[in-house]
Amino acid sequence: MVHKDPEKGKEYRRKWQREHRENMRMANKKYRQTHKDKIKEYIEKNKKRINKYKRLWRAKKRKENPELFRKKLNDWRAKNIERIRRQNLIYHKAHPEIRRRANLKHRHKYRMIVLVHYGGNPPKCACCGESEIKFLTIDHINNDGAKQWREKGFNPRLRSSYIADYLITNNFPEGFQVLCYNCNCGKAKNNGVCPHKQQKI
Ligand SMILES: [Zn+2]
Ligand SMILES: [Zn+2]
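A quick note: this is a predicted structure, and the numbers were derived from the prediction, not measured. (Residues numbered from 1 in each chain as written. Chains lettered and ligands numbered in written order. Predicted model: local features only at pLDDT ≥ 70, side-chain atom pairs only at ≥ 80, totals over all residues.)

*Asks:* Quick question: what am I supposed to make of the overall build of the protein chain here?
*Replies:* When helices and strands are tallied, the protein chain shows eleven helices and two strands. The 201 residues of the protein chain split such that 10% are buried. Long-range contacts, defined as pairs at least 24 residues apart, comprise 58% of the intrachain contacts of the protein chain with a sequence gap of at least 6. (Helix = DSSP H or I, 4+ residues; strand = E, 2+ residues; numbered from the N terminus. Buried ≥ 20, exposed ≤ 12 C-beta atoms within 10 Å, placed from the backbone. Contact = placed C-beta atoms within 7 Å.)

*Asks:* What's the story with helix α1 (residues 6–19) in this structure? I'm lost.
*Replies:* Given 3.6 residues per helical turn, the α-helix brings residues three or four places apart onto the same face. Given a rise of 1.5 Å per residue, 14 residues ought to cover 20 Å, and the 20 Å separating the end C-alpha atoms of α1 matches this to within 8%. Summarising burial for α1: zero of the 14 residues are buried, a small minority. (Expected span 1.5 Å × (residues − 1).)

*Asks:* Explanation requested: the environment of Asn182 in the structure shown.
*Replies:* The residue Asn182 is located in helix α10 (residues 181–189) in this model. Judged by the 17 C-beta atoms lying within 10 Å of it, Asn182 falls in the partly exposed class. Along the backbone, Asn182 and Cys194 are twelve residues apart, and their C-alpha atoms lie at a distance of 8.7 Å.

*Asks:* Please clarify how the nonpolar core should be interpreted in this entry.
*Replies:* General note: in soluble globular proteins, nonpolar side chains tend to be found buried as a group. Cys125, Val178, Leu179 and Cys183 are the most contacted members of the largest nonpolar core, which has 14 residues in total. Listing elements by their share of this core, those giving two or more residues are α7 (96–119), β1 (136–140), α9 (159–169) and β2 (176–180). (Core = buried A, V, L, I, M, F, W, Y, C linked by C-beta atoms within 7 Å.)

*Asks:* I tried to follow the environment of Leu89 on my own but got confused; where do I start?
*Replies:* Residue position: Leu89 is located in helix α6 (residues 81–94). Taking the C-beta count within 10 Å as the criterion, Leu89 has 11 such neighbours and is therefore assigned exposed. Residues Leu89 and Arg99, spaced ten residues apart in sequence, show a C-alpha to C-alpha distance of 9.8 Å.

*Asks:* What's the story with unusual backbone geometry in this structure? I'm lost.
*Replies:* Backbone geometry follows two general trends: most residues other than glycine have a negative phi, and most peptide bonds adopt the trans configuration. Cis peptide bonds are those with omega within 30 degrees of zero, and the linkage from Asn121 to Pro122 qualifies with 0°. Tracing the backbone shows Pro122 in the loop between α7 and β1. Phi is positive for Asn171, which is not a glycine, with a value near 60°.

*Asks:* Any chance you could explain helix α4 (residues 47–64) here in plain terms?
*Replies:* Its 18 residues give α4 an end-to-end C-alpha distance of 26 Å, which sits within 8% of 26 Å, the value for a rise of 1.5 Å per residue. Of all 18 residues that make up α4, zero are buried, and the element is exposed over most of its length.

Set out below in structure tokens:
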């Protein structure tokens with residue numbers, strides 16, 4: 001129906017859309033299901049344009065309500081975690097250099113979180129007070145680190161790269177402290193007591 005008054009025409013179309021929304025949705029859904037190949041082809045052909053609109057749409061939504069946006073994103077991630085992992089794997093295989101750098105950054109960040117938690121801010125060796133980050137390690141207070149790691153199914157030789165991840169995901173369990181390499185090795189070679197401590201006695 002063509003209306004002489006454009007405002008009225010707009011109103012009419014809006015009303016029609018409202019009334020037929022469910023029907024339209026069903027029809028669209030049916031079309032998508034029966035024309036999967038065609039849609040795929042269309043998306044492939046117009047990838048750049050579609051991605052551009054997607055980006056703009058997301059930016060708009062993020063600006064409108066950042067909290068809701070973040071929540072939805074997190075929900076989506078939780079739901080699609082397997083898919084994300086698969087895609088990441090493919091991407092990382094194709095870009096090993098980017099992966100290596102991201103790993104390093106990630107590890108440094110996690111290491112710092114763990115060192116600050118167990119060793120104070122800024123972190124220090126619990127024995128001698130060494131504060132150079134590169135000298136610091138996470139120490140199992142009871143000296144049963146290797147055994148504990150084996151029980152958890154980790155290779156104890158790899159523990160330095162896993163320990164930060166492990167401690168964070170397990171909500172900072174007790175029984176760990178920050179020591180420098182010197183005190184750590186000294187303790188290991190001296191039946192669990194750092195030679196520094198022995199001198200004091
Ligand atoms: Zn020390
Ligand atoms: Zn010491």
